[in-house]
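Here are the chains, one letter per residue:
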Amino acid sequence: MVLRKLPGVSASGMGLRLSQKFVFLLFLSGLVTLCFGALFFLPDSVRLKRIFLSKNESPAVTVGSDNELSKKMPGDPEHQRAGLKGGEGANVKLRVSRKPSVTHGARTVERSVGSRAQDEWSPARAQEPAARDERVTSAAHNGERGSPYNYEAFKKCLLKPALGKNQGTPSDSETLQRREKVKEMMKFAWDNYKRYAWGKNELRPLTRNGHIGNMFGGLRGASIVDSLDTLYIMGLMEEYEEAKEWVQNNLDLNSNGEASLFEVNIRYVGGLLSAYYLTGAEIFKQKVLELGEKLLPAFNTPTGIPRGVINLGSGTSWSWGWASAGSSILAEFGTLHLEFLHLSELSRNPLFTEKVMNIRKLLNKIEKPHGLYPNFLSPVSGNWVQHHVSIGGLGDSFYEYLIKSYLMSDKTDQEAKKMYYSAMEAIETNLVQKSPGGLTYVAEWRGGILDHKMGHLACFSGGMIGIGAEDGPAGQKQHYLDLAAEITHTCHESYSRSATKLGPEAFRFDAGAEATATRLSDRYYILRPEVIESYMYMWRLTHDPKYREWGWEAVEALEKHCRVDAGFSGIRDVYASTVSHDNMQQSFFLSETLKYLYLLFSDDDLLPLEDWVFNTEAHPLPVIHKSCLQENSATQDHGQTNLE
């Protein structure tokens, strides 16, 4: 390069000046780089990164395939916890959706994921920078819109006392004796949890220690939060106070782990909401609003469909590693509506409601094959990923929350009503089948081909169809009640045809099988509640004594085969005359199975269905009598104004 000589400046002097400028610019560049780089290495770097990174800078993309999933989880992919309501640590083949541990399977992922899911859970993570919605930061705690929630107005608007005239005590001695037995089972399960696993998520009764797992993002005490309302309803007040004290002093929500959005919502959010509405204790309201805020970043996707896994500390979310093409699961993102509406009620912040209503808006817009809702949806494109339809794992509680959203709205949510009955019409047309032996069941649908099996998780549908019978199309009430009774009968048959009189995880209707598990991987029972849940609803709707008799059969089977010296345990094979236990007392056993049994043997005025709906973890949430609440709140506000 040739330097041109400037007037009055020597060539050497000009070169020196350029060299100095170059060194100065180099120093300045290095300083700026050092300062900005330091921001990303400070202890609170996640928050600082949010200042500079856009919310959607790097959409999460799941790394994983169905093939990879099948290698990790023997059997059907649903076994991963697509029913997700499973149990956290059942020692059985995995299954996915009232669950990658065995929780409820969304009732889903947990229930679906079978036994070892929790211990082996490692979702692929394509992380998305967390971005908490600024509108929620203070509103969730202080009520950004309108006055604080009026608990006294809420109590006045209940049509009946929550616990009935006499705590639902039955008049006949045999039923009372059976109810007392269920209460004793609850106390036995609780006492052993307290003795050997206090503060952990679940009890391992054979080894007499606690289980934490990794489904709850570092949260602890799942069995405590899940048991709050059961203890209160049963009148176990000393135990309830112990649980309340633990929540107040030890429930730490400042965790930084990876949690199932679905599981945290149905167990922790649902449990705390229920405890607040039943007791009015402010600590439950305070905790649930704080936790609800931590779940919101999961919705930061191009479509607003939340991803299934969230880091409760950073807000980063991603899809399950086993979910096809990074999809979200129908039974997971479809099982948020009840809880999120109540979060808006308590916080006076509409953002929670907006999030779940956006899910509905998208589902109404996209085409549904034969009117059916497939189980996998892309949170990026908003399109279905696979045409697999099931009312068991992966799909179950989505349908449950449609009819319950309508009922919880005091029958004003016409959109939920329309979606539910349209879905029911499609399910009846395409999935409901009659076996050669005359048993009615709901098959699964895989791209137009029926799979003639029914999961234990799908047995909740008898109760669901029953409670929806009243408000169906004209002249259809008895039809729906009959269908509900037939499905509940089929699920009872799956119990009565086993050596233990407990039902398998899934049963089939092909190759000569009738309501029987034909695969070794489907023969386990992890203390699931769905069959007993349908007994309870069908008793309330019909008062046919057979439902109480069937419930008592289940009590006797649980006592004989699942009760061990230090709690209750699931079993690996319901058809074996000598049982092998899985060493896990699921938290939903305390929340659902024992609660539904207790209600089955109680009078109908204990948590009357006119005032309460149960979330998919059996946590009772109140019907929102909107007009009454507005009138009573206005009256109180007017009275306070006059006093001022």
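It should be noted that the structure appears before, not after, this text.
Computed from a predicted model, the values in this text were never measured in an experiment.

Novice: So what exactly am I meant to see when it comes to unusual backbone geometry here?
Specialist: Excluding glycine, residues mostly have negative phi values, and the peptide bonds linking residues are mostly trans. At Arg 208, a residue that is not glycine, the phi angle is positive and equals roughly 55°. Along the chain, Arg 208 falls in the loop between strand 3 (202-204) and strand 4 (209-211).

Novice: Sorry if this is basic, but what is going on with the environment of Trp 552 here?
Specialist: Mapped onto the elements, Trp 552 comes out in helix 21 (residues 546-562). Residue class for Trp 552 comes out buried when judged on its relative accessible area of 19%. The sequence separation of Trp 552 and Thr 175 amounts to 377 residues, and the corresponding C-alpha distance is 9.7 Å.

Novice: Could you clarify how one ought to interpret the side chain of His 625 in this entry?
Specialist: Turning to its location among the elements, His 625 is positioned in the loop between strand 21 (620-622) and helix 23 (626-643). Take His 625: its relative accessible area is 6%, and that puts it in the buried class. Filtering out sequence-adjacent residues up to four positions away, His 625 remains in contact with Cys 157, Leu 159, Asp 410, Glu 610 and Asp 611.

Novice: Looking at this structure, I do not really get empty space enclosed by the protein. What am I missing?
Specialist: By volume, the largest cavity is sized at about 110 Å³. Listing elements by their share of the lining of the largest cavity, those giving two or more residues are helix 15 (351-365) and helix 16 (396-408). Looking at the lining of the largest cavity residue by residue, the classes come out as seven nonpolar, three polar and one charged. Approximately 70 Å³ is the volume attributed to the second largest cavity. Around the second largest cavity sit Tyr 149, Phe 154, Cys 157, Leu 158, Tyr 277, His 342, Glu 345, Pro 622, Val 623, Ile 624, His 625 and Leu 629, which together line it. Looking at the lining of the second largest cavity, the elements with two or more residues in it are helix 7 (151-157) and helix 14 (337-347). Residue composition of the lining of the second largest cavity, by class: nine nonpolar, two polar and one charged.

About the criteria used
- Residues numbered from 1 in each chain as written.
- Predicted model: local features only at pLDDT ≥ 70, side-chain atom pairs only at ≥ 80, totals over all residues.
- Heavy atoms only, no water.
- Helix = DSSP H or I, 4+ residues; strand = E, 2+ residues; numbered from the N terminus.
- Buried < 20%, exposed > 50% of the residue type's maximum accessible area, 1.4 Å probe, protein only.
- Contact = heavy atoms within 4.5 Å.
- 1 Å grid on protein atoms, 1.4 Å probe; cavity = no way out; pocket = protein on both sides within 12 Å on 5 of 7 lines; lining within 4 Å.
- Points joined across faces, edges and corners; volume = space filled by probe spheres on them.
- Nonpolar A, V, L, I, M, F, W, Y, C, P; charged D, E, K, R; others polar.

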